[in-house]
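Structure assessment
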Amino acid sequence: MPIFQQLGDEKSQWNKWVGPKAHAADKQQRSVSQHVFLTSAVLFETLRCMFDAEMFVRRSALVALKQLVQEAAVWGASDQDWFSIIGNILMPAIRNALKESNDAVKCGFIHLLAHLVKCYNGIPSMAENEFYHIDMHVLLHQDPEQDFFENISHIQVHRRARAFAKLGATLK
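Residues numbered from 1 in each chain as written. Predicted model: local features only at pLDDT ≥ 70, side-chain atom pairs only at ≥ 80, totals over all residues. Heavy atoms only, no water.

A closer look at the packing of aromatic side chains
Tallied over the full model, the rule gives 4 aromatic pairs. Relative to Trp82, the ring of Trp75 lies with its centre 4.8 Å away and its plane at 50 degrees, an arrangement referred to as tilted. Under the relative-accessibility criterion, Trp75 is labelled partly exposed at 36%. (Phe/Tyr/Trp six-rings, centres within 6.5 Å; stacked < 30°, edge-to-face > 60°. Buried < 20%, exposed > 50% of the residue type's maximum accessible area, 1.4 Å probe, protein only.)

What about the environment of Asn121?
If you trace the backbone, Asn121 turns up in the loop between α5 (103-120) and α6 (124-128). For Asn121, a relative accessible area of 33% puts it in the partly exposed group. When the C-alpha positions of Asn121 and His133 are compared, they lie 9.4 Å apart, and in sequence the two are 12 residues distant. (Helix = DSSP H or I, 4+ residues; strand = E, 2+ residues; numbered from the N terminus.)

Looking at the nonpolar core
Among the nonpolar cores identified, the biggest contains 40 residues, and Ile86, Leu90 and Tyr120 are the most heavily contacted of them. Within the residue set of this core, elements represented by two or more residues are α2 (24-49), α3 (55-75), α4 (81-97), α5 and α7 (148-152). It is α4 that provides the largest number of residues to this core, a total of 10 residues. Once residues lying within four places of it in the same chain are set aside, the contact partners of Leu90 are Leu43, Leu47, Leu65, Val69, Ile85, Leu112 and Leu116. (Core = buried A, V, L, I, M, F, W, Y, C linked by side-chain atoms within 4.5 Å. Contact = heavy atoms within 4.5 Å.)

As for α5
In this model, α5 (18 residues) spans 26 Å end to end at C-alpha, consistent with the 26 Å of a helix rising 1.5 Å per residue. With respect to burial, α5 is a largely interior element, 13 of its 18 residues being buried. The N-cap of α5, judged by a side-chain oxygen 3.0 Å from the amide nitrogen of Ala104 a few residues on, is Asn102. (Expected span 1.5 Å × (residues − 1). Polar contact = N/O pair within 3.5 Å; in protein donor to acceptor, adjacent residues only side chain to side chain.)

Concerning the packing of α3 against α5
The description of two helices packed together rests on the angle between their axes and the distance between the axes. Orientation of α3 relative to α5, taken along the N-to-C sense of each, is 15 degrees, at an axis distance of 10 Å. Classified by the angle between their axes, α3 and α5 sit roughly parallel to one another. The two elements α3 and α5 meet at a crossing, and its hand is right-handed. On α5, the residues that touch Arg58, Leu62, Leu65, Lys66, Val69, Gln70, Ala72 and Ala73 of α3 are Ala104, Val105, Gly108, His111, Leu112, His115, Leu116, Cys119 and Tyr120. The class makeup of the residues in the contact of α3 with α5 is 11 nonpolar, 4 polar and 2 charged. (Axes fitted to C-alpha atoms, helices over the stretch in contact; angles between N-to-C directions. Parallel < 35°, antiparallel > 145°, perpendicular 65-115°, else oblique. Left-handed = near helix turned anticlockwise from the far one by under 90°. Nonpolar A, V, L, I, M, F, W, Y, C, P; charged D, E, K, R; others polar.)

Digging into the packing of α3 against α4
Where α3 meets α4, the axes come as close as 8 Å, and the angle between the chain directions of the two elements is 140 degrees. Regarding the angle of α3 to α4, the classification is oblique. On α4, the residues that touch Leu65, Leu68, Val69, Ala72, Ala73 and Trp75 of α3 are Trp82, Phe83, Ile86 and Leu90. Residue composition of the contact of α3 with α4, grouped by class: 10 nonpolar, no polar and no charged.

What to know about the pattern of salt bridges
Tallying each qualifying case throughout the model produces 4 salt bridges. Asp103 is the salt-bridge partner of Lys106, the closest N and O atoms lying 3.7 Å from each other. Residue Lys106 and its partner Asp103 are both found in helix α5; the two are separated by 3 residues, about one turn of the helix. Among the residues examined, Lys106 registers a relative accessible area of 24% and is labelled partly exposed. Residue class for Asp103 comes out partly exposed when judged on its relative accessible area of 41%. Across the salt bridge formed by Glu145 and Arg159, the nearest N and O atoms sit 3.7 Å from each other. Of the two residues, Glu145 is situated in the loop between α6 and α7 and Arg159 in helix α8 (residues 157-171); the sequence distance between them amounts to 14 residues. Residue classification places Arg159 among the buried positions, given a relative accessible area of 8%. One connected set of salt bridges, linked through shared partners, spans Glu145, Arg159 and Arg162. (Salt bridge = Lys/Arg side-chain N within 4 Å of Asp/Glu carboxyl O.)

Such coordinate-based values are descriptive only and should not be taken to indicate function.
This is the structure we're talking about:
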């Protein structure tokens, strides 16, 4: 993975010696960047766990990703790097996972997308960007029987049909 190749690269900023007289602004920027870098490494591992054969591992990874999405919504107000992590790592992973043939994996990522839409609906910078699919908030509902994301991932066929009917009515 490119992120781990950067870590081992001798020219990488992570391997540079910063002497004791480093500027405070540089040190702060470096610590924020390193924090985001380490978080992205953990994020890649958590995303890998979403594809695991064990249901417990998948569910734990989903809980961790939902928590990250929720916290990134709060942290992103002061540090835009969190939104870039969501956009550059999480959103492409969600899109690719929705193409998976394994229904259990797909369901987990559908629930993650629903949580992302809920958390970022009130943030103007995210809602304006079509890349995050925040416009799907119209498909959310408090009642699980009418929620698109719950119905589309349900095991019963008539519930999936109901989800597609709601999607069709929304698109008209």
